[in-house]
Amino acid sequence: MSERTVRQTSTIAASLDAVWQRVTDFEGINDELMPVMRMRVPPGIRDTAMDTVPLGVPLGRSWLFYLGFLPLDYDDLTVTELVPRSHFQEVSTMASMRRWTHRRELHAVDAGHTEVTDVVGFEPRLAVLASPLEPVIRGLFAHRHRRLARHFADS
């Protein structure tokens, strides 16, 4: 089975620096995910900023909780690329995914607006789940972008 890809792009009403700080902060990541899900940070990096984690090294298992408390899946995190104020990429395996790739890119539109693009590649362990999971993943990232935009609208 080949990997499927989902892409989501939004313009956020905030500076590139502010958006970068938010999207690389584990509290900010969880705020984007809630109330749909919550991600527990692997123990070895709980007090580490995402933009300082070692590249290409497994960071540990991050548990995912549906609605913030029901165990749903796990994500064995590895950040493979990270260029501050530009992009990061995470490549993982999950209980449900043979391969999961998440790349987030940021581009300054102007001093007060930032374009955020997420590209997610996924290959479920059970090929039959690829079609049903695609709209779920697309919806999750649309939700994340709405939450990110709302954070800066409320700031």
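Here, every reference points to the structure presented above.
Because the structure is a prediction, the values reported are computed rather than measured.

1. Things to note about the nonpolar core
- In this structure, I12, V19, V23, W100, L106, I137 and L148 are the most contacted members of the largest nonpolar core, which totals 34 residues.
- Of the residues forming this core, the biggest block, five residues, is contributed by helix α3 (residues 130–154).
- V23 has contacts with I29, E32, M50, F88, R104, L106 and L148, leaving out every residue within four places of it along the chain.

2. With respect to the packing of helix α1 (residues 16–23) against α3
- Two numbers describe how α1 lies on α3: the axes approach to 12 Å, and their chain directions differ by 125°. Between α1 and α3, the crossing angle belongs to the class labelled oblique. Relative to α3, α1 is oriented so that their crossing is right-handed. Seen from α1, the contacting residues are A18, V19, R22 and V23; seen from α3, they are L148, H151 and F152.

Thresholds, definitions, all that
- Residues numbered from 1 in each chain as written.
- Predicted model: local features only at pLDDT ≥ 70, side-chain atom pairs only at ≥ 80, totals over all residues.
- Heavy atoms only, no water.
- Core = buried A, V, L, I, M, F, W, Y, C linked by side-chain atoms within 4.5 Å.
- Buried < 20%, exposed > 50% of the residue type's maximum accessible area, 1.4 Å probe, protein only.
- Helix = DSSP H or I, 4+ residues; strand = E, 2+ residues; numbered from the N terminus.
- Contact = heavy atoms within 4.5 Å.
- Axes fitted to C-alpha atoms, helices over the stretch in contact; angles between N-to-C directions.
- Parallel < 35°, antiparallel > 145°, perpendicular 65-115°, else oblique.
- Left-handed = near helix turned anticlockwise from the far one by under 90°.

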